[in-house]
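Each chain, letter by letter, is given below.
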Amino acid sequence: MTVTTPFKTRSLTRPRNDRWIAGVCAGLARRSGLSSGTVRLLFLLSCLLPGPQFIAYLILWALMPNE
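Being a predicted model, the structure only gives us computed values, none of them experimental.

Engineer: Explain the UniProt feature "transmembrane region" (unreviewed entry) in the protein chain to me, and be specific about the residues and the numbers.
Structural biologist: Listed under "transmembrane region" (unreviewed entry) in the UniProt record, and renumbered for this structure, are residues 41-64. End C-alpha to end C-alpha, residues 41-64 measures 20 Å, and it is 71% helix and 0% strand.

Engineer: Give a description of the packing of helix α1 (residues 24-32) against helix α3 (residues 53-63) that names residues and reports values.
Structural biologist: Following both chains from N to C, one finds α1 and α3 inclined at 80°, their axes separated by 10 Å at the closest point. Of the possible angle classes, the one that applies to α1 and α3 is roughly perpendicular. On α3, the residues that touch V24, C25 and L28 of α1 are Y57, L60 and W61. Split by residue class, the contact of α1 with α3 holds six nonpolar, no polar and no charged.

Engineer: Can you break down the nonpolar core residue by residue, with the values?
Structural biologist: Core analysis: the biggest nonpolar cluster contains seven residues, these being A22, V24, C25, A29, V39, Y57 and M64. For this core, the leading source of residues is α1, giving three residues. In this structure A29 touches L34, S35, S36 and V39, once residues within four positions along its chain are discounted.

Engineer: An account of a nonpolar patch on the surface is needed here, citing residue identities and associated values.
Structural biologist: A cluster of nonpolar residues, W20, I21, F54, L58 and W61, forms a patch on the protein surface that exposes about 630 Å² of accessible area. With respect to the element layout, F54 can be found in helix α3. On the accessibility criterion, F54 (52% relative accessible area) is exposed.

Engineer: So, the side chain of Q53: which residues are in play, and what are the values?
Structural biologist: With respect to the helices, strands and loops of the structure, Q53 is situated in helix α3. You can call Q53 buried: its relative accessible area is 18%. Here the side chain of Q53 touches S46 through a polar contact of 2.8 Å, landing on its backbone oxygen. Setting aside residues up to four positions removed in sequence, Q53 forms contacts with F43, S46 and C47.

The rules we used
Residues numbered from 1 in each chain as written. Predicted model: local features only at pLDDT ≥ 70, side-chain atom pairs only at ≥ 80, totals over all residues. Heavy atoms only, no water. UniProt positions renumbered as here; feature names shortened; annotations may be inferred. Helix = DSSP H or I, 4+ residues; strand = E, 2+ residues; numbered from the N terminus. Axes fitted to C-alpha atoms, helices over the stretch in contact; angles between N-to-C directions. Parallel < 35°, antiparallel > 145°, perpendicular 65-115°, else oblique. Contact = heavy atoms within 4.5 Å. Nonpolar A, V, L, I, M, F, W, Y, C, P; charged D, E, K, R; others polar. Core = buried A, V, L, I, M, F, W, Y, C linked by side-chain atoms within 4.5 Å. Buried < 20%, exposed > 50% of the residue type's maximum accessible area, 1.4 Å probe, protein only. Patch = residues over 30% accessible without salt bridge, like charges linked within 9 Å, V, L, I, M, F, W, Y side chains within 5 Å. Areas by Shrake-Rupley, 256 points an atom, 1.4 Å probe, with all protein chains shown as cover. Salt bridge = Lys/Arg side-chain N within 4 Å of Asp/Glu carboxyl O. Polar contact = N/O pair within 3.5 Å; in protein donor to acceptor, adjacent residues only side chain to side chain.

The following block contains the structure:
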């Protein structure tokens, strides 16, 4: 017996056509099913809080492959 899932698993990649800086937010948006504008806004709002958000962005930029 095989079990199939109705959702297609998307890989975490940086798209070539929806980039502003590096495409990290657009890639995260595609993976999570949100709009890229929403993810960008959430990222900008999170930068107001203390924490390593910008460093995490740079690490994702380096680790996420291009489409």
